[in-house]
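# Working through the structure, step by step
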Amino acid sequence: MKFSRYCRSLLSTPATAVSRYTPCHRSGADIAMVDLEDSVPPERKEEARRLAARFFTGPGGPARPAIRINTVGEPDGLRDLLALRQYPVKPALVLIPKAESPRDIEIVEHALAPTCPDTEFFAVVESPRGLANAPAIAAASPRLRAMVFGSADYSFAIGASLSWEALAYARASLVNSARAAGIEVMDSPYFGALDTDGLRREAAAARDFGFSGKAAVHPRQISVINEAFSPGPALLDQARKVVAAGRETGRGVTMVDGVMVGVPFFEASQQLIEEFG
C-alpha cells in the first residue's frame, strides 16, 4: 500500500456558500475545494466565479486550497479559466472535471500558464471515454498530479449501479493508469453521509485497491478517510523493522518476521517513515 499526506482527503463547498469557506479550510481535509461546477446552478455561475476568489484570500487553514471549474469544452469552463487568471491569490490546485482526452488538460495548462505557473491539476475521470483514454490523460502534463474517479457520472453513463463490485474494473483501471504515469489517484465520495461504517469499509477497499485518498461529501467523513489512508502504529513499526533490516544487509534480500523482503520493501518502508514518522 502507498500512503501520502498529499491527497488523503478532499472536501468541497459550493462557491455560492461563502459562510462555509472557513469551515472547509479547517475541516482537517488535505485539500479544501471551492466548487464552480455541479453545486452551482447555471444562473449563478458568474456570481460564483466572483465569490470564489475570496476562498483563496480569506483566513484559510492548513488544507491545500483548490477549485473545481466547469467542463473546459463548454463556455462556462472557459469563463472560469479567464476568471482564475485575474484572482489576486491563485489556487494551489485546479480540478478538471469530465476529462476525456489529453486535450482537456492542455487547454487548462495553456490558459493558466501566464498567470498561474505554480498551480497543479487534478483530472476527474467520470465517463467511459475518459476511462478509455486515462493512460494518455495521466501523461498529458507534468502539472497533472492526480486523477480522481467520478463514480456517479460513470455509473450512470454505463448503466451500472454504484456498488463496489459493479465499478471494480473502472477503479482498478484508473489506479493502474495513474500509477503507470507516476501520479496519485483519489477515489470518488461515499454518498452515505451518515453511514460511518459504510464509509469505513469503502475507504479501506479503496486503499487496498491502491488509491491515495478519497473525496468527502460531508466534514464528518474527513477523520474516517484520513485514518483509512494513513498507516497505523503497527504498520509504522513494521516499516522501521524493514528499514533496519535493509541497513544491516546492505539492502540485500532478507527475512523480517517470517516475510522475505528486498529493495522494493526497503524503499516503500523508508518513504512511509519519512512522511508519517
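This text goes with the structure placed above it.
Residues numbered from 1 in each chain as written. Predicted model: local features only at pLDDT ≥ 70, side-chain atom pairs only at ≥ 80, totals over all residues. Heavy atoms only, no water.

## Details of the overall build of the chain
In terms of helices and strands, the chain carries 12 helices and 10 strands. At 19 Å, the chain has a C-alpha radius of gyration in line with the 19 Å of a compact globule built from 277 residues. For the chain, the spread of C-alpha atoms along the principal axes amounts to about 65 × 45 × 40 Å. Taking contacts inside the chain between residues at least 6 apart in sequence as the whole, the part at least 24 apart equals 68%. For the chain, the accessible surface area stands at approximately 12500 Å², while carbon and sulfur atoms represent 54% of it. (Helix = DSSP H or I, 4+ residues; strand = E, 2+ residues; numbered from the N terminus. Rg over C-alpha atoms; globule rule 2.2 N^0.38 Å. Contact = heavy atoms within 4.5 Å. Areas by Shrake-Rupley, 256 points an atom, 1.4 Å probe, with all protein chains shown as cover.)

## Considerations on the layout of surface pockets
By volume, the largest pocket amounts to about 640 Å³. Lining the largest pocket we find 30 residues, and of these Ser-12, Arg-68, Pro-189, Ala-216 and Val-217 sit closest to its centre. Secondary-structure elements contributing two or more residues to the lining of the largest pocket are strand S1 (9-14), helix H1 (21-25), strand S2 (31-35), strand S6 (144-149), helix H7 (151-158) and strand S8 (213-216). Of the residues forming the lining of the largest pocket, the biggest block, five residues, is contributed by S1. (1 Å grid on protein atoms, 1.4 Å probe; cavity = no way out; pocket = protein on both sides within 12 Å on 5 of 7 lines; lining within 4 Å. Points joined across faces, edges and corners; volume = space filled by probe spheres on them.)

## Observations concerning the sheet that holds S6
Reading around the circumference, S1-S2-S3-S4-S5-S6-S7-S8 is the order of the eight strands in this closed barrel, with parallel pairing throughout. Neighbour to neighbour, the strand axes of the sheet diverge by 25° on average, direction disregarded. Bridge count between strand S3 (residues 64-68) and strand S4 (residues 93-96): three bridges; the pairing is parallel. Across the sheet, the residue bridging to Arg-68 is Leu-95, located in S4. (Pairing = 2+ DSSP bridges. Axes fitted to C-alpha atoms, helices over the stretch in contact; angles between N-to-C directions.)

## Brief notes about the pairing of strand S5 (residues 120-125)
Of all six residues that make up S5, five are buried, and the element is covered over most of its length. In this sheet, S5 lies alongside S4 in parallel orientation, the contact comprising four bridges. Paired with Leu-95 across the two strands is Phe-122, which belongs to S5. The parallel pair S4 and S5, bridged by helix H4 (residues 102-112), forms a crossover whose chirality is right-handed. Note: S5 against S6, five bridges, orientation parallel. Across the sheet, residue Phe-121 finds its bridge partner in S6, namely Leu-144. (Buried < 20%, exposed > 50% of the residue type's maximum accessible area, 1.4 Å probe, protein only. Right-handed = clockwise from strand over helix to strand, strands pointing away.)

## A closer look at the environment of Asp-38
With respect to the helices, strands and loops of the structure, Asp-38 is situated in the loop between S2 and helix H2 (45-52). Separated by 21 residues in the primary sequence, Asp-38 and Pro-59 place their C-alpha atoms 25 Å from one another. Once you skip the residues sitting within four places of it in the chain, Asp-38 turns out to touch Arg-68, Lys-98 and Asp-153.

## Concerning the pattern of salt bridges
Under the defined criterion, the tally for this structure stands at 19 salt bridges. Notably, a salt bridge pairs Asp-35 with Arg-68, separated by 2.7 Å at the nearest N-O pair. Placement of the pair is Asp-35 in strand S2 and Arg-68 in strand S3, with a sequence separation of 33 residues. Classification of Asp-35 as buried rests on a relative accessible area of 2%. With relative accessibility at 17%, the residue Arg-68 sits in the buried group. The salt bridge partner of Arg-103 is Glu-106, with a shortest N-O separation of 3.5 Å. Within this pair, Arg-103 and its partner Glu-106 are both found in helix H4, separated by three residues, close to a single helical turn. (Salt bridge = Lys/Arg side-chain N within 4 Å of Asp/Glu carboxyl O.)

## Brief notes about the packing of aromatic side chains
Applying the stated criterion to the full structure yields seven aromatic pairs. Taking the centre distance of 5.1 Å and the plane angle of 85° together, the rings of Tyr-21 and Phe-55 count as edge-to-face. Placement of the pair is Tyr-21 in helix H1 and Phe-55 in the loop between H2 and S3, with a sequence separation of 34 residues. Comparing Tyr-21 with Phe-55 shows no difference in burial state: the two are buried. (Phe/Tyr/Trp six-rings, centres within 6.5 Å; stacked < 30°, edge-to-face > 60°.)

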